[in-house]
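Residue-level structure breakdown
Letter by letter, the chains look like this.
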Amino acid sequence: RVRICGFVEEMEKLLLDSDLMICRGSPNTLYEAVMMNIPLIITGPLLEQERGNWQLIRQHDLGLICQRPKELGGLINELLVDDAALWRRIAQSQRRYRRFGSAQRLAEYLAALADSVKKIK
């Protein structure tokens, strides 16, 4: 079953119902999928700031890159052969890569930075 979506507001709910995400190289979408542990196929960058995401995906084995639409079916099949060995390997790589608590660490960093600025004044 395939669901094609444009902009969505409840990405987490969509990903909870998904086994695979096929998307462009948007950093937000990419990290949503990784954090939810959904293997993905990136169809290519649309904007200049998305180009580096291909290297990130390859370097950390977070998903697959589809450079031409004709390749998509073959990539999906690759994910499923050998009892979904590639799909499982990517999911495992995502679990190693993802980090929880980023918002908390950022808030703590900003609070410490604000405290240090107060002390300077």
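The next point concerns the sheet that holds strand β1 (residues 21-23). With respect to topology, three strands assemble into an open sheet ordered β1-β2-β3, the strand pairing being parallel. With one partner strand each, in any of the chains shown, β1 and β3 (63-65) form the two edges of the open sheet. Strand-to-strand twist in this sheet, taken as the mean axis angle between neighbours without regard to direction, amounts to 20°. The pairing of β1 with strand β2 (residues 40-42) spans three bridges and is parallel. When the sheet's bridge partners are listed, C23 is paired in β2 with I42. Where helix α3 (residues 52-60) meets the sheet, its contacts fall on β2 and β3, and the angle it forms with β3 comes to roughly 130°.

Turning next to α3. Residues that lie three or four places apart on an α-helix share one face, since the helix turns once every 3.6 residues. Among the residues making up α3, those that are buried are N53, W54, L56 and I57. One side of α3 holds all its buried residues, which, seen down the axis, span an arc of 165°. Just downstream of α3 lies D61, where phi reads positive at about 55°.

Let's shift gears to the packing of helix α2 (residues 27-35) against α3. Geometrically, a packed helix pair is captured by the angle between its two axes and the distance between the axes. Running from amino to carboxyl end, α2 crosses α3 at an angle of 20°, the nearest separation of the two axes being 11 Å. Classified by the angle between their axes, α2 and α3 sit roughly parallel to one another. Handedness of the α2/α3 crossing: right-handed. In this structure, α2 contributes P27, L30 and Y31 to the contact, and α3 contributes N53, L56 and I57. A per-class count over the contact of α2 with α3 returns five nonpolar, one polar and no charged.

A word on the environment of F100. In this structure, F100 sits in the loop between α4 (72-97) and α5 (102-120). Considered as a pair, F100 and M35 are 65 residues apart in the sequence and their alpha carbons are 8.0 Å apart. The residues contacting F100, other than those within four sequence positions of it, are M35 and R105.

Within this structure, the stated rule accounts for three salt bridges. Residues K13 and E10 are paired through a salt bridge, measuring 3.7 Å at the closest nitrogen-oxygen approach. Look at K13 and you get exposed, because its relative accessible area is 53%. Notably, a salt bridge pairs R89 with D61, separated by 2.7 Å at the nearest N-O pair. Of this pair, R89 sits in helix α4 while D61 sits in the loop between α3 and β3, and the two are 28 residues apart along the sequence. For D61, a relative accessible area of 18% gives the class buried.

Conventions used here
- Residues numbered from 1 in each chain as written.
- Predicted model: local features only at pLDDT ≥ 70, side-chain atom pairs only at ≥ 80, totals over all residues.
- Heavy atoms only, no water.
- Pairing = 2+ DSSP bridges.
- Helix = DSSP H or I, 4+ residues; strand = E, 2+ residues; numbered from the N terminus.
- Axes fitted to C-alpha atoms, helices over the stretch in contact; angles between N-to-C directions.
- Contact = heavy atoms within 4.5 Å.
- Buried < 20%, exposed > 50% of the residue type's maximum accessible area, 1.4 Å probe, protein only.
- Arc of directions from axis to C-beta.
- Parallel < 35°, antiparallel > 145°, perpendicular 65-115°, else oblique.
- Left-handed = near helix turned anticlockwise from the far one by under 90°.
- Nonpolar A, V, L, I, M, F, W, Y, C, P; charged D, E, K, R; others polar.
- Salt bridge = Lys/Arg side-chain N within 4 Å of Asp/Glu carboxyl O.

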